[in-house]
Amino acid sequence: SNFETDLLRPLIARVEEIAGRAYGRDEEADVSMRVIADHSRAATFLITDGVTPSNEWRGYVLRRIMRRAMRHGRMLGLEAPFLWDMTGRVVAVMGEAYPEIRDAHARVAETVRQEEERFAETLDLGMAKIREYLEQHAGGVGREVEGRFLFTLYDTHGFPSDLAQEVFEDAGWRVTGATQQEFDAEMEAQRE
């Protein structure tokens, strides 16, 4: 796979070091390590090219990429900011071919570190709310999450609905078009 190439395997090796886990022993952990390796590379290049995390356009794409990597870090047990550190390994591996990432590294690392710190609180609170929901609806594997709950996570706590959807789907729950319609209706009601 492309994750075994000399461009991505060193990034996975850094995740192994940070997480204290070996790649290739647990498929779920391996997926998280691959996500972090890939997304740290994407974030490094995007920020170097002038994209900053935001709630609009390409800044939103960057923010989602970073937040997904951060969530996978949590799945590996990484509570402290780590993604900013990964940008250094990206520079070490790819900086010769792309010197602009070397030149921008201090700015990239600081941007990622700030975003990690901001998102840590949101992530902790949102994940706790999702765990509560799953516990209250025990035995709900295969069930559909309520759109109103996704909306509350987003509107009250700032937890992105697409990230919540991914967490629920990972837990075996469904997020259907009806759920999305409920979410959209709540958003529209708030605008009025």
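See above for the structure.
Residues numbered from 1 in each chain as written. Predicted model: local features only at pLDDT ≥ 70, side-chain atom pairs only at ≥ 80, totals over all residues. Heavy atoms only, no water.

Caption draft 1: Structural view of unusual backbone geometry. Even without being a glycine, Trp57 presents a positive backbone phi close to 50°. Tracing the backbone through its elements, the reader meets Trp57 in helix α3 (residues 57-75). (Helix = DSSP H or I, 4+ residues; strand = E, 2+ residues; numbered from the N terminus.)

Caption draft 2: Focus on the pattern of salt bridges. Throughout the structure, instances matching the rule amount to 18 salt bridges. A salt bridge links Arg14 to Asp85; the nearest nitrogen and oxygen atoms lie 2.8 Å apart. Highlighted residues: Arg14 in helix α1 (residues 9-19) and Asp85 in helix α4 (residues 83-94), separated in sequence by 71 residues. A cluster of three or more residues bridged by salt bridges with shared partners is formed by Arg14, Glu17, Asp85 and Arg89. (Salt bridge = Lys/Arg side-chain N within 4 Å of Asp/Glu carboxyl O.)

Caption draft 3: Expanded view of the nonpolar core. Within the largest apolar cluster, 46 residues are counted, with the highest numbers of intra-cluster contacts made by Leu83 and Phe168. Those elements that provide at least two residues to this core are α1, α2 (27-48), α3, α4, α6 (105-136), α7 (147-157) and α8 (161-170). Ranked by the residues each element gives to this core, the list is headed by α6, at seven residues. When residues no more than four places from it in sequence are discounted, the contact partners of Phe168 are Ile130, Tyr133, Leu134, Val145, Phe149, Leu150, Trp173 and Val175. (Core = buried A, V, L, I, M, F, W, Y, C linked by side-chain atoms within 4.5 Å. Buried < 20%, exposed > 50% of the residue type's maximum accessible area, 1.4 Å probe, protein only. Contact = heavy atoms within 4.5 Å.)

Caption draft 4: Seen up close, α7. Regarding α7, the residues found buried are Gly147, Phe149, Leu150, Phe151 and Leu153. Of the residues trailing α7, Gly158 is marked for its positive phi of about 75°.

Caption draft 5: Summary view of the side chain of His39. Assignment of secondary structure puts His39 in helix α2. A relative accessible area of 10% means that His39 is categorised as buried. Within the structure, His39 has its side chain in polar contact with the side chain of Asp38 (distance 3.1 Å). Sequence-distant contacts of His39, that is, excluding residues within four places in its chain, are made with Ile65, Arg68 and Ala69. (Polar contact = N/O pair within 3.5 Å; in protein donor to acceptor, adjacent residues only side chain to side chain.)

Caption draft 6: Expanded view of α1. For α1, the full list of buried residues reads Leu11, Ile12, Val15, Glu16 and Ala19. Down the axis of α1, the buried set is contained in an arc of 150°. They therefore lie on one face. Where α1 is buried, its residues contact α2 and α4. Note on α1: the residue one or two positions beyond its end, Gly20, has a positive phi of about 65°. (Arc of directions from axis to C-beta.)

Caption draft 7: Looking closely at the packing of aromatic side chains. Considering all chains together, one arrives at six aromatic pairs under this definition. For the pair Phe149 and Phe168, a centre-to-centre distance of 6.0 Å together with 90° between the ring planes defines the contact as edge-to-face. Here Phe149 is found in helix α7, whereas its partner Phe168 is found in helix α8, with 19 residues between them in sequence. The same class applies to Phe149 and to Phe168, which are both buried. One aromatic cluster is present, formed by Tyr133, Phe149, Phe168 and Trp173 through successive ring pairs. (Phe/Tyr/Trp six-rings, centres within 6.5 Å; stacked < 30°, edge-to-face > 60°.)

Caption draft 8: Focus on the environment of Arg63. With respect to the helices, strands and loops of the structure, Arg63 is situated in helix α3. Arg63 sits 55 residues away from Arg118 along the chain, and the two C-alpha atoms are 11 Å apart. What Arg63 contacts, discounting residues up to four positions off in sequence, is Pro53, Ser54, Asn55 and Glu115.

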